[in-house]
Every structure is written in C-alpha cells, then in structure tokens.
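Given next are the chains, with one letter for each unit.
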Amino acid sequence: MTTPFHYEPGAAPGPVPPPECPAHGLGVGPGGLRRFYGPEAERDPHGLYDKLRAEHGTVAPVLLHGDVPAWLVLGHSENLHMTRTPSQFSRDSRRWRALQDGSVAPDHPLAPIFTWQPICAFADGATHERLRGAVTDSMGRIDTRGVRRHVNRYSNRLVNDFCQQGRVDLVSQFAERLPMMVMCAILGMPEEYNDRMVQAARDMTRGTATAVASNAYVLDALTRLVQRRRREPAEDFATWLVEHPAGLNDQEVSEHLRLILIASYEATANLIANVLRMVLTDPRFRARLSGGHMTVPEAVEQTLWDEPPFTAVFGRWAVGDTELGGKQIKAGDALIVGIAPANTDPVVRPDLGDDMAGNRAHLAFSGGPHECPGQDIGRAIADVGVDALLMRLPDLELAVEESELSWVGNIMGRHLVELPADFAARPPQDDKEPPSMGRPNTPRQDWEVQSTVRHTAPTPGRATATAPMSTTATATAVDESGTPAAPSAVGGIPQQRGESAPARLWRAVSRWWSGN
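The sections below set out a description of the structure shown in this document. (Residues numbered from 1 in each chain as written. Predicted model: local features only at pLDDT ≥ 70, side-chain atom pairs only at ≥ 80, totals over all residues. Heavy atoms only, no water.)

### Re the sheet that holds strand β10 (residues 397-398)
To keep it simple, the criterion reads: Strand pairing follows a simple DSSP-based rule, namely that at least 2 bridges must link the two strands. Strands here are runs of E lasting at least two residues and helices are runs of H or I lasting at least four, both read from the DSSP assignment and numbered beginning at the N terminus.
Taken together, the 3 strands give an open sheet; going across it, the order is β5-β13-β10, and neighbouring strands pair in antiparallel fashion. Among the strands making up the open sheet, the edge pair consists of β5 (167-169) and β10. The pairing of β5 with strand β13 (residues 420-422) spans 3 bridges and is antiparallel. Bridged to D169 within β13 is P420.

### With respect to empty space enclosed by the protein
In plain terms, the rule: A 1.4 Å probe that fits into a set of points on a 1 Å grid over the protein atoms alone but cannot get out defines a cavity; an open set with protein on both sides within 12 Å along at least five of seven lines defines a pocket, and lining residues are those with an atom within 4 Å of a point. Grid points are joined across faces, edges and corners, and a volume is the space filled by probe spheres set on the points. For this scheme, ten residues count as nonpolar: Ala, Val, Leu, Ile, Met, Phe, Trp, Tyr, Cys and Pro. Four count as charged, namely Asp, Glu, Lys and Arg, and the remainder, Gly too, count as polar.
Applying the stated criterion to the full structure yields 3 cavities of 30 Å³ or more. Of the pockets and cavities examined, the largest cavity occupies roughly 120 Å³. A41, E42, P45, T311 and N410 are the residues nearest the centre of the largest cavity, which is lined by 13 residues in total. Those elements that place two or more of their residues in the lining of the largest cavity are α1 (39-43), α2 (45-56), β11 (407-410) and β12 (413-416). With 3 residues, the top contributor of residues to the lining of the largest cavity is α2. Across the lining of the largest cavity, the residue classes break down as 7 nonpolar, 4 polar and 2 charged.

### Things to note about helix α6 (residues 125-139)
Spelled out, the test is: For a helix, the expected span equals 1.5 Å multiplied by the number of residues minus one. At every residue, the bend is computed as the angle between two fitted axes, covering the seven residues ending there and the seven beginning there respectively. Exposure categories follow from relative accessible area, calculated using a 1.4 Å probe and restricted to protein chains: below 20% of the type maximum is buried, above 50% is exposed, and the middle band is partly exposed. Note on definitions: a residue-residue contact is assigned when non-hydrogen atoms from the two residues lie within 4.5 Å.
Compared with an ideal rise of 1.5 Å per residue, which puts 15 residues at 21 Å, α6 spans 20 Å between its outermost C-alpha atoms and is within 8% of the ideal. The largest bend in α6 comes to about 25°, at R132. Among the residues making up α6, those that are buried are H128, L131, R132, G133, A134, V135, T136, S138 and M139. If you follow the buried residues of α6, they end up packed against α12 (237-242) and α13 (250-281).

### Structural notes on the pattern of salt bridges
Keep this limit in mind: One speaks of a salt bridge when a side-chain nitrogen belonging to Lys or Arg is within 4 Å of a carboxyl oxygen belonging to Asp or Glu.
Tallied over the full model, the rule gives 24 salt bridges. A salt bridge links R94 to D92; the shortest N-O distance between them is 2.9 Å. Judged by its relative accessible area of 47%, R94 is partly exposed. Classification of D92 as buried rests on a relative accessible area of 15%. Measuring nitrogen to oxygen at the nearest pair gives 3.9 Å for the salt bridge that ties D143 to R145. Classification of D143 by relative accessible area gives buried; the value is 9%. The exposure class of R145 is partly exposed, given its relative accessible area of 24%.

### Regarding the environment of V313
Here V313 lies in strand β6 (residues 313-318). Each C-alpha atom of the pair V313 and I339 lies 7.3 Å from the other, and the pair is 26 residues apart in sequence.

### Description of the pairing of strand β3 (residues 68-73)
With 6 of its 6 residues buried, β3 lies for the most part within the structure. Residues V68, A70 and L72 point to one face of β3 and P69, W71 and V73 to the other, with burial holding for every one of them. For strand β2 (residues 59-64) and β3, the ladder comprises 6 bridges, and the chain directions are antiparallel. Each residue of the ladder has a partner; that of P61, found in β3, is W71. Following β2, the chain reverses through 3 residues before pairing antiparallel with β3; G66 in that reversal takes a positive phi of roughly 80°. Pairing geometry for β3 and strand β9 (residues 334-337), over 3 bridges, is parallel. Its bridge partner lying in β9, V73 is registered against V337.

### Observations regarding the side chain of H362
Inspection of the secondary structure puts H362 in the loop between α16 (339-343) and α17 (375-392). Filtering out sequence-adjacent residues up to four positions away, H362 remains in contact with E301, L304, W305, N343 and R379.

### What to know about the sheet that holds β2
Our working definition: Interaxial angle, 0 to 180 degrees, is taken between N-to-C directions of lines fitted to C-alpha atoms, where a helix line uses only the stretch in contact.
Read from one edge of the open sheet, 6 strands run β1-β2-β3-β9-β6-β4, paired in mixed fashion. With partners counted over all chains shown, the strands left at the sheet margins are β1 (34-35) and β4 (89-90), one partner each. As paired strands, β6 and β9 are joined by 4 bridges and run antiparallel to one another. Its bridge partner lying in β9, R316 is registered against L335. On top of the sheet, α2 reaches β1, β2 and β3; it is set at about 125° to β2, its chief contact. Against the sheet, helix α3 (residues 76-84) engages β2, β3, β4, β6 and β9, with an angle of about 120° to β9.

### With respect to the pairing of β12
Because side chains alternate across β12, one face comprises the buried residues G413 and H415, and the other comprises R414 and L416, equally buried. The pairing of β11 with β12 spans 4 bridges and is classified as antiparallel. Opposite N410, over in β12, you have G413 as the bridge partner. Linking two consecutive strands that pair antiparallel, namely β11 and β12, is a turn of 2 residues.

### Let's talk about the packing of helix α10 (residues 195-204) against α13
What counts here: These descriptions rest on fixed angle ranges, namely under 35 degrees for roughly parallel, over 145 for roughly antiparallel, 65 to 115 for roughly perpendicular, and the rest for oblique.
It is the contact of α10 with α13, at a shortest axis distance of 10 Å, that shows an interaxial angle of 90°. With respect to α13, the element α10 is oriented roughly perpendicular. Every residue of α13 that contacts α10 at M197, V198, A201, R202 and M204 is listed here: R258, L261, I262, Y265, E266, A269 and N270. In terms of residue class, the contact of α10 with α13 is made up of 8 nonpolar, 1 polar and 3 charged.

### Describing the nonpolar core
How we decide: What we call a nonpolar core is a set of buried Ala, Val, Leu, Ile, Met, Phe, Trp, Tyr and Cys residues that are connected through their side-chain atoms within 4.5 Å.
Core analysis: the largest hydrophobic core is formed by 88 residues, its most contacted members being F237, L257, L261 and L396. If one sorts the elements of this core by residue count, α13 sits on top with 16 residues. Residues within four places of L257 in sequence aside, it is in contact with L187, L222, L225, V226, F237, A238 and L241.

### Here's the deal with the packing of aromatic side chains
What characterises a pair of aromatic rings is the spacing of the ring centres plus the angle enclosed by the ring planes. Just so we agree on the cut-off: Each Phe, Tyr or Trp ring, with Trp reduced to its six-membered ring, pairs with another whose centre is within 6.5 Å; inter-plane angles below 30 degrees give stacked pairs, above 60 give edge-to-face pairs, and intermediate values give tilted ones.
This structure, assessed with the given rule, holds 6 aromatic pairs. On the numbers, 5.2 Å between centres and 85° between planes, the contact of W96 with F114 is edge-to-face. Of this pair, W96 sits in the loop between β4 and α4 (97-100) while F114 is found in helix α5 (residues 111-114), placing the two residues 18 residues apart along the sequence. One exposure class covers both W96 and F114, and it is buried. With a centroid separation of 6.3 Å and 65° between ring planes, the pair formed by F162 and F423 is classed as edge-to-face. Of the two residues, F162 sits in helix α7 (residues 144-162) while F423 sits in the loop between β13 and α18 (503-514), which places them 261 residues apart along the sequence. There is no split in this pair, since F162 and F423 are both buried.

Honestly, that's just the spatial picture; any functional story needs more than this.
Dropping the structure here:
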C-alpha cells in the first residue's frame, strides 16, 4: 500500500490538536500518519514497526515530536542503500526543509540530536574524511588487551560493591557503570568517573529539563581534559586526537570526545543490560548457553539482532528528489535509519526464532561511511563484562516476574529501567592493583576472563607529526550508535579462553547454566 506523504511548508498535513489536548498522546496524528513518539511508540515499538510495514512497506511516513513529518526506513536493503549513499542522503541537518521554513523551532525536543555542529556526525565528503580520519586513526592505537584488563578489573570492583548483599539491580549497579569506567580510562580521565558523570551521560539523550545542564557538565570535564593534554601529553585517546596531523582545534577535540563518550556509553550500557536480561529471562538463550551451543560473545551477537542498543538513528536528509522503497522522497525530507525494524525485516529474517550465530549482517552499528568503527570495543566490553559477572555470580536469578520489567523509550531506543537479581551472598575478592592501559599482560587472577572475540589487537604507540591521515573507507564514523574501538590491522590475537582455563571455573559456570 502506498500512502502519499504530504508536506506543506509551515503547516501540518491536517488539523492539529491544541498542545494540551489528549489527542497528542494517541498513536495516530494529522493526516492519519502514525506518531513515532508518545506512549504507543515507547510501549511497543516492534508492534508499531509491524503496523507501519503492513500499511506502507519498507519506507513509511511518520510524525516526529510536534507532528513534524519524516520517513522511517524499515527495510534492511533500503537502510543499507540510504546509509551507503551520502550523495543522495546527507548527514547535514541544515538541509532539512522543516528547519529552513521554520516548522521546527530551535527548542524542539529533538534539537540536541539534529542541531548542526562542525563535527563528523554532521559532515560528508572531504570534511568527514578529515575529522573521521583523526578519530579512526586514534582508535587504531587503542590496546584492546589493555581494555580487557580494565573490563576485568572494573567488573570485579563493581561486583565487590554488592556481592555481600545477595541482591543487585544489574542495570544501575553494573550495566550503567562499567562502560563509563572503561571509557573514562580510555579517553584519559579516570578521575572524572563518578555517579554524576553516569547520570549526566544518560540524561543528555532523554530530552529532559536537565539535559542542558548535564551536557554542560560533561563538556566541561572534556574541555579540561583537552587543555591538560595540550600541556601534558599521555598515552591515551585524548592525546592522540589532540596530536593528530589533521590539526583539530580544542573545540573540535572536545566535541568529538563528547560524541565518542556519550555514544559509546549509551550503546554499551544498553547492550550489557539487554544481554543480561536475555540470559535471565529467555529459556532458549539459557539452554543454548548451558548446552555449549553458544558462547557469551555469540550471545552478545544474537542480542544485537534481537535487541540492538539503538533502535533508530535520526537522521538523514534528502539531497534532492529521489525514490526509496517505492516512495517519492523530496529534497530536504528527513529520514530515520530504522535499525531495529531492519533487523526484523522478513526478507532477511523470515523466522525471528532462527539462530543468527556468526551472522553480522545486522544494522546495530548502522552502515556506510558513518558506520561505527568502534563496534569491536563495544563488543569486548560487553563480552568480558558479562562473562566476568557470571564468573563471580554463577547463581544469578531474576528477582521479579519478567512481566514486571519496564523500559523507558525515546526516538533512538528504549532502556531497561531495572533488572533485579538474587544470588547467594559472598565475600569480596582482592583487587588492589589498579589497571593500566600501557602495562604488559599480567598473570591472570581467578576472577579474570578473556572472552573469545575474533579480532586482532593493535599495539598502542605515540604518533609522529608526519603520520599520514587515514582517508580510506575504514575511516568511518562513530556518530551512529558507536562505541570507540580499533578496527585492527596490526598486532597479535588476544589470548583466548579455552580448555586451559581452570577446571573449577568451568564446573561453576556449568552448574549455574544447568540450574544446579
């Protein structure tokens, strides 16, 4: 079925209820178009995707906050085409016709997402290559084995905080904290990790009344870091970005550090929470793990198909009149990358119960030149973090009925509010030595795990002033649901956990998966 997508500059495509009217809370707006916000979209996004797919096919007209029209791309191949063709679908939000004619005000609820800034997230072509080249080259110097040591140490410290209580909220006490601890260390500001930083990172993406203040808090910390690294270089990501031959100024460095920190934190926190929920609530998941048919990294990959950390990314803007999925797209139209609906597209996934092990064709990290290059680090934090948690607490069980779990949603995704779990209380483990990104591998402690992740580990090193800037296709963006990492080209394979691991650890894990 094809539905015309009417757009009249400066006016909604039909009668608009007053701001206080309850009709704003309904799922259908002016012109009969479905709202991509509000209770229905937040409560049952997958149900909304199914309705839109049935009514419109692979590209559907929707309404954003304030009943502003946009296109939601539902099809897998259509999303790939859109993300891979910046000549037709730009990341430059200044092209948006609704902005040009005043239909979207500067104080629009989505302004923090679409307001143009001189950073890679809104750039195409040569500008994108320069900025993303600096980011990607700096990511290439991250020592992934050092990241694993951080994840192990920090996971152990977090578990120590609650292991004597016998009850934990795995969202607020683990999933939301571990990524921030690791990312602060990678960026070079471990001293900035605290509860306020965690809260600010989550608050910035939710369109709350305090989002501006939260953004200012984070940016102030990053600005101080950039100024310090100009004076005192170190072996960390901030220094590598400051010293890159692309010559980013202080504002550009600070803004890109903020982009990396917030995108990576949000994506990885959601991913860890979603994996743990699947482990504790899905019998199929648990059975495959207990039977040895799926490793933790494979469980993470399955979760990226079923519950991607970002469900959608806004946006793309049509450079000129074009066609996509049988719909006529006009120049200046806004489009939304539909990550979650693309992952459930019947063309690529006719049976949602199929095992997707080994299949990385999902769009959890978007695609094209703005695909997240840091996805392997995000996977590593989730792989090792989840494995380390289950190693310490193999008897974790959901403490409430699954029906009692709830989510908070927005245009970009939905976040599990709480994941309460019970376990047998136990004493903390010793962890006196602080982790270090630059140290050689140390002897493993009993609680340390090294999940099987199939990528190489680049070796860190200081760049020289004459180092070439990356302009290849691998210099892709972190601006879409990204977690910074190194798409590795050099270095050795991280040590794999295999049959040489202590037998008693394997027995503990086996007993937990078996329910004994």
